[in-house]
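Fold and geometry: a report
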Amino acid sequence: MWLKKLMRWMMTLSVIVLAAGCAVKDGDYCDIARPIWWDSTQELDDTPTGITRQIAKHNETWLKVCQ
């Protein structure tokens, strides 16, 4: 008895979670993407080099496409 209720509850939650993942935001790249900035130099220093490069590349792309 409790197993049927649990299965029904799990199926309902699964459908809700999967449907929520299908949400679409309208707009182009410039509406969705924004430059990423650090709040402090300490935060920049603590960020790994690879991530810093990726963020710099993202910001450069945003500037080229959206300015």
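As shown above, the structure is provided for reference.
Residues numbered from 1 in each chain as written. Predicted model: local features only at pLDDT ≥ 70, side-chain atom pairs only at ≥ 80, totals over all residues. Heavy atoms only, no water.

Attention now goes to the state of the cysteines. Here the structure, examined in full by the defined rule, presents one disulfide. The partner cysteine of Cys30 in its disulfide is Cys66, sulfur to sulfur 2.0 Å. In this structure, the disulfide formed by Cys30 and Cys66 twists by about -95 degrees around the S-S bond and is classed as left-handed. On the criterion of sequence distance, the pair formed by Cys30 in helix 2 (residues 29–32) and Cys66 in helix 4 (residues 49–66) is long-range, its members being 36 residues apart. (Disulfide = S-S within 2.5 Å. Helix = DSSP H or I, 4+ residues; strand = E, 2+ residues; numbered from the N terminus.)

With that out of the way, let us pick up a negative patch on the surface. Residues Asp39, Glu43, Asp45 and Asp46 make up a contiguous surface patch of negative charge. With respect to the secondary-structure elements, Glu43 resides in helix 3 (residues 41–46). (Patch = residues over 30% accessible without salt bridge, like charges linked within 9 Å, V, L, I, M, F, W, Y side chains within 5 Å. Areas by Shrake-Rupley, 256 points an atom, 1.4 Å probe, with all protein chains shown as cover. Salt bridge = Lys/Arg side-chain N within 4 Å of Asp/Glu carboxyl O. Lys, Arg positive; Asp, Glu negative; His and termini not counted. Charge placed at Lys NZ, Arg CZ, Asp CG, Glu CD.)

It is worth spelling out the environment of Glu60 at this point. Topologically, Glu60 is positioned in helix 4. Along the backbone, Glu60 and Gly27 are 33 residues apart, and their C-alpha atoms lie at a distance of 20 Å.

Attention shifts here to helix 4. Taking 1.5 Å per residue, 18 residues should reach 26 Å; helix 4 reaches 25 Å between its end C-alpha atoms and fits that length. Residues Ile55, Asn59 and Trp62 constitute the buried set of helix 4. Across the axial projection of helix 4, the buried residues extend over an arc of 60 degrees, all falling on one side. Facing away from the buried surface of helix 4 by more than 90 degrees, the exposed residues are Thr49, Arg53, Gln54, Lys57, Lys64 and Val65. Buried residues in helix 4 make contact with helix 2. (Expected span 1.5 Å × (residues − 1). Buried < 20%, exposed > 50% of the residue type's maximum accessible area, 1.4 Å probe, protein only. Arc of directions from axis to C-beta. Contact = heavy atoms within 4.5 Å.)

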